[in-house]
Structures are given as C-alpha cells and as structure tokens.
Amino acid sequence: MSDRLIFFDTTLRDGEQVPGCQLNTIEKIEVARQLEQLGVDVIEAGFPASSPGDFNSVVEISKAVTWPVICALTRAVESDIDAAAQALQYARYKRIHTGIGTSDEHIRYKFNSTREEIIERAVAAVKYAVSKKVDEVEFYAEDAGRTDNEYLARVVDAAVKAGATIINIPDTTGYCLPDEYGAKIRYLMEHVDGLANGKAILSTHCHNDLGMATANTMSGVLNGARQVEVTVNGVGERAGNTSLEEIAMIIKCHHATIPLDFNIKTTRIYPTSRMVSSLMSMPVQFNKAIVGRNAFAHSSGIHQDGVLKNSQTYEIMDPKDVGLDDNNIVMTARSGRAALKHRLVSLGIKVDPKQLDRIYEAFLKLADKKKELNDDDILMLAGADTAAIKHVKLDSLQVTTGKGVTPIAAIRLNVAGEEFEAASTGNGPLDASIKALKQIIHRKMTLKEMTIQALSKGSDDVCKVHMQVENDGHLYYGFGSDTDIVTASVEAYIDCINKFKPQ
Ligand code: KIV
Ligand code: ZN
C-alpha cells in the first residue's frame, strides 16, 4: 500500500456552497494559487454543469495553476460530463469526479430506482468520463456513509472495473461513527480486488454534522484510504467538511505512528486560512483547532508559567510550523508601503503595484482612526479591495444619535457615477440610515439578519458586519467593516444591494 497521502481540496466546490460565502472568479483564482503554494495535490475547482459562473471558474483556475490536478464535479449524467471535460481543457492534469447516490434513501427517494439500475448508471458514467481522455476519473458513491457495505463493495468493484482509479466514499450526512467509517474502508479494501491490488485507491470525504469529520477521516486513513477530501478552515455546507489543517497537522504530529508522506507545506497553513476566511467573509471560530485565534494562546497562569519555562510543557506543535510567526509586526500609520507589502505576502496575498497603492491609502485612513493594525485589519482591507467593483458606493454618512434625541441620518451615495443625497429620521441610527438610503434606491428590500463582530479588542477596534437582505424573494449576503458601527452596517447593506439581480 502506498505511503503517500493525497490532499484533495474542495474549498472551491463543496466549501464554496456555503450561503453567503460565494467567491467570484478572481477570488477563486486567488485561492487556487494559494492552494498550489500550500502544496495541495488536487483542487476541486467547481461543478461546471451547475452554472456558467462555475464553468468559467474551472476554465480560469485551470489556466492559473500548474502543478495540482484540477478536478471538476459531475452527476452521473452525460451532459455534466461533457461540460466538465470542456471546462478542464486548459488544465495540465485533468480529473473528472463523477458519481451517484448509493444509499437506499437516495436510490428510493432521489432516483426512484433500484440497486441494480444504480450500478448500471454508475458504470455508464465512469465509462463515459474515461472516454473523455482526461488523466484520471474519480467515482463518488454519494451517501456511502449510510450505504450497506456489501452493496457498496459491488458498486465500487463495478466503478473500478469501468476505469475509475480513485473511489470516493463520502459520509455525505456526517452520520458515521469513526469506528464504523474505518470499518467501511477496511471492508472495501478487503473485498474489492481492484483496491487490494492497487489499481485504484480510496478517498475519504467526511461532513461534520456531528463533529466527527476529522475523526472519521483519520479512521479512514488508518484503515487504508490514501486520499483525503478536505477544505480550508473546514468550510462547507451545514457544519462543514473535514478541515485540511487538522488532518495535515495530525499526520505531522503523529508521524512516528502514522508514517505517511504528504505534500502540504504546513507553514503556509495560517496565511491560507486567513485568506480564505477574509475572501469568504467567514470568520474562523476563535477556538478552532490549528488556525483559531486562541489555538496557541495560553491564558491560565499555570499554563503560561509552563510555556515560558519550556514550550513543550503545553504545546504539542510549534506555532511556527503552521505559519504563525512570533514577530507579528504591529503596523501603524508610520509603516511604509514595503512593510505593508511584506505583511500582505506573509498573509498569502499577492498584490500588483496599483492594488498596493489602493490598499496602502485605505490602510493609512484606518491607521489614523485605529492606532495599531493587526493581521485581521490588513486582510479586511485587502478583501475590501478585491471586492471593489461596485455599482452603488457609500460616499458619506452623517448620523446624530444618543439618549433623548431623535436619531437622524444624512447619506450620500454614488450610483453608477451619479451622486444622490437623502436624509431621514428613524428609531435608531441604523434605521434612520437605511430609511435615507431607501429614498435613493427604490427596490423592495428587507433586512433579515445581521451580526456584528469586533475583529480584536478595544473600543477603537474595526467591527465587521454580516447582513442578509431579501429582495424579490431572494436572500443576499453582504459584508461591511469600519471603525464606525453604523457605517459598517450601511456598507454591509450596500454590499447586498450590489449583489441584487438586475430588475
Ligand atoms: O458530500 C458529498 O457526498 C459530496 C459528493 C458530491 C462528492 O460532496
Ligand atoms: Zn460533500
């Protein structure tokens, strides 16, 4: 059995399905390049048949990266496979990932079909994908976690005989227990000839609904799987997918007992995590393993004392191994362009001179308001620059509010190059601002949800606002950040408006 573990990253496909986290093609290319630097073996770049945007992203990512295999997802449908093969035309190494649901729930309720017919459809899809002359065909047995092992082995055997060389065993609903998932992988290794003789390998794909994605993935690896399907920060639908950084660091920390080689450059983990979090506007939970803000923060006196005497007392990993450098230089208004560029590069963000100028200008403005800027602030500025192509822009906002006064807001917007002004009162500063805005933008829109989060600490901190606004029966997700809480909220509202479908 091979002693190499393949990292298959699906941040840009399964990860990107999270509502509100969609990336545009430019952002996807940025993430893909970072994944290449990180050393992932396979990038699942999208599901080309699902939309023209996804198709285009697969095309552009294929052109933008060199070393990783580029993978495109399909259903077991010929037109999907045609779209995938076409979208992959520029990729240096191409993989089609096709498959079908195999659990009784999927067979009965999703396909109204029978077990035998599903095997036939699986075989036909794999053969059709092979006929497209891509480098590799991967087959997924959707909901394999709830598929009985005997039948699953028949499906896998048929898919391998049809030409698939990677077989994905997804725990689609995140239901399996680690022992159960590991036993499933072992059963397949022992009962499918093509796996036992190395014609094909097994891949894990675990969802985190019960918080067991990492444990299940490791159990799969310990029982013979040689590819792991993961996402940065564990992003993904519902409770997410297995997180890349957790698997990489588990294998690194336990290398003596799990002697598998892998290509991930672990020192690039932290910058990649921050980049994905910033571009997807998806905060990383503070106590998230490996990349959470508190992952290496020792707060109790006993722990601090121990770590100061010798870091090995309470640290099982060196923070530097995941790319957290100690000399996290604090940036201030006196920092120059070169220092800012250096910080951006160490956070995994490449900028051209024009972008650097724009980000530097925004940096100086923010540094005037907030004396010291940390990595989160810098990522936020870089993220705001990437998303800067906007139809509606907030030029100015003036608000009077407080106890015993009627809140009033005056707003100036730039709409497609034209300036508009309006003023309104409201029951609070945000209500007044949105009412003023609605005098300019005449679309029926309702604020559904909002969250406000401080980036670090201190009353001078930058706040991030995530918002959900409904328009025409659709929900739009927006993001804004500023040291002023009302401005950040209005920016988030405008971010939603900029995403509305044209009337
Ligand atoms: O979770 C899942 O089953 C998937 C497949 C489409 C691979 O994402
Ligand atoms: Zn999935």
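Bear in mind the structure is a predicted one, so any value in this text is a computation, not a measurement. (Residues numbered from 1 in each chain as written. Chains lettered and ligands numbered in written order. Predicted model: local features only at pLDDT ≥ 70, side-chain atom pairs only at ≥ 80, totals over all residues. Heavy atoms only, no water.)

Peer 1: What should I look at first to understand the overall build of the protein chain in this one?
Peer 2: Scanning the protein chain from terminus to terminus reveals 17 helices and 14 strands. In terms of overall dimensions, the protein chain is globule-like: its C-alpha atoms have a radius of gyration of 25 Å, near the 23 Å expected for 503 residues. Oriented by its inertia axes, the alpha-carbon framework of the protein chain measures out at about 75 × 65 × 40 Å. For the protein chain, buried positions account for 53% of its 503 residues. Pairs at least 24 residues apart make up 65% of the contacts formed inside the protein chain by residues separated by at least 6 positions. Here the protein chain has roughly 22,900 Å² of accessible surface; of this, 51% comes from carbon and sulfur atoms. The average position of the 56 basic charges and that of the 67 acidic charges among the side chains of the protein chain differ by 3 Å. (Helix = DSSP H or I, 4+ residues; strand = E, 2+ residues; numbered from the N terminus. Rg over C-alpha atoms; globule rule 2.2 N^0.38 Å. Buried < 20%, exposed > 50% of the residue type's maximum accessible area, 1.4 Å probe, protein only. Contact = heavy atoms within 4.5 Å. Areas by Shrake-Rupley, 256 points an atom, 1.4 Å probe, with all protein chains shown as cover. Lys, Arg positive; Asp, Glu negative; His and termini not counted. Charge placed at Lys NZ, Arg CZ, Asp CG, Glu CD.)

Peer 1: Just checking my understanding: could you explain helix α5 (residues 115–131) for this structure?
Peer 2: Since there are 3.6 residues in each turn of an α-helix, residues three or four apart along the chain are aligned in direction. The terminal C-alpha atoms of α5 lie 25 Å apart, and with 17 residues this matches the ideal 24 Å at 1.5 Å per residue to within 8%. Among all positions in α5, only Ile-118, Ile-119, Ala-122, Val-123, Ala-125, Val-126 and Ala-129 are buried. Buried residues of α5 fall within an arc of 165° about the axis and therefore sit on the same side. Lys-133 sits one or two positions beyond α5 and adopts a positive phi of about 60°. (Expected span 1.5 Å × (residues − 1). Arc of directions from axis to C-beta.)

Peer 1: I would appreciate a short explanation of the pairing of strand β5 (residues 136–142) in the present structure.
Peer 2: In terms of burial, β5 is a largely internal element, five of the seven residues being buried. Relative to strand β6 (residues 166–171), β5 is paired through three bridges, and the arrangement is parallel. Looking at β6, one finds that Glu-138 is bridged to Ile-166. In this fold, β5 hands off to helix α6 (residues 149–162), which returns the chain to β6; that crossover is right-handed. (Pairing = 2+ DSSP bridges. Right-handed = clockwise from strand over helix to strand, strands pointing away.)

Peer 1: Whenever I open this one, the state of the cysteines confuses me. Can you help?
Peer 2: Any covalent bond linking the sulfur atoms of two cysteines counts as a disulfide. Taken as a whole, this structure holds zero disulfides when the rule is applied. With no disulfide partner, Cys-463 has as its closest neighbouring cysteine sulfur the one in Cys-496, 15 Å distant. Note on Cys-463: relative accessible area 8%, which makes it buried. (Disulfide = S-S within 2.5 Å.)

Peer 1: Whenever I open this one, the site of ligand 1 confuses me. Can you help?
Peer 2: The local shell around ligand 1 consists of Arg-13, Asp-14, His-97, Tyr-140, Glu-142, Asn-168, Pro-170, Thr-172, His-205 and His-207. One nitrogen or oxygen atom from the side chain of His-205 is found 3.1 Å from an oxygen atom belonging to ligand 1. The side chain of His-207 places a nitrogen or oxygen atom 3.0 Å from an oxygen atom of ligand 1. For ligand 1, whose unbound accessible area comes to 260 Å², protein coverage reaches 93%. Elements with a contribution of two residues or more to the shell around ligand 1: β5 and β6. Residue composition of the shell around ligand 1, grouped by class: two nonpolar, five polar and three charged. (Near = heavy atom within 4 Å. Polar contact = N/O pair within 3.5 Å; in protein donor to acceptor, adjacent residues only side chain to side chain. Nonpolar A, V, L, I, M, F, W, Y, C, P; charged D, E, K, R; others polar.)

Peer 1: Please explain the domain arrangement of the protein chain as it appears in this structure.
Peer 2: Quite often, the size of an interface is put as the accessible area lost when its parts meet. Domains assigned within the protein chain are domain 1 (6–280), domain 2 (328–385) and domain 3 (392–497). Each side of the interface is counted separately: domain 2 has eight residues, and domain 3 has nine residues. The largest share of the area that domain 2 buries against domain 3 comes from Lys-369, Lys-370 and Met-380, three residues that together contribute 62% of it. Where domain 2 meets domain 3, there are one salt bridge. As a salt-bridge pair, Asp-482 and Lys-369 come within 3.6 Å of each other at their nearest N and O atoms. Put simply, domain 2 and domain 3 have zero residue pairs in polar contact (both at pLDDT 80 or more) between them. Looking at the side of domain 2 that touches domain 3, the elements that each hand over two or more residues are α14 (353–369) and α15 (375–386). Sorting elements by how many residues they give to the side of domain 2 that touches domain 3 places α15 first, with three residues. Partitioned by chemical class, the residues of the side of domain 2 that touches domain 3 number two nonpolar, one polar and five charged. (Domains from an automatic or database assignment. Buried area = accessible area lost by both parts, 1.4 Å probe. Salt bridge = Lys/Arg side-chain N within 4 Å of Asp/Glu carboxyl O.)

Peer 1: Sorry, what's going on with the packing of α6 against helix α7 (residues 178–191) here?
Peer 2: Where α6 contacts α7, the axes come no closer than 10 Å and their chain directions differ by 50°. Comparing the axis directions of α6 and α7 gives the class oblique. For the crossing formed where α6 meets α7, the hand is right-handed. Contacts from Asn-149, Glu-150, Leu-152, Ala-153 and Val-156 of α6 reach α7 at Lys-184, Tyr-187, Leu-188 and His-191. (Axes fitted to C-alpha atoms, helices over the stretch in contact; angles between N-to-C directions. Parallel < 35°, antiparallel > 145°, perpendicular 65-115°, else oblique. Left-handed = near helix turned anticlockwise from the far one by under 90°.)

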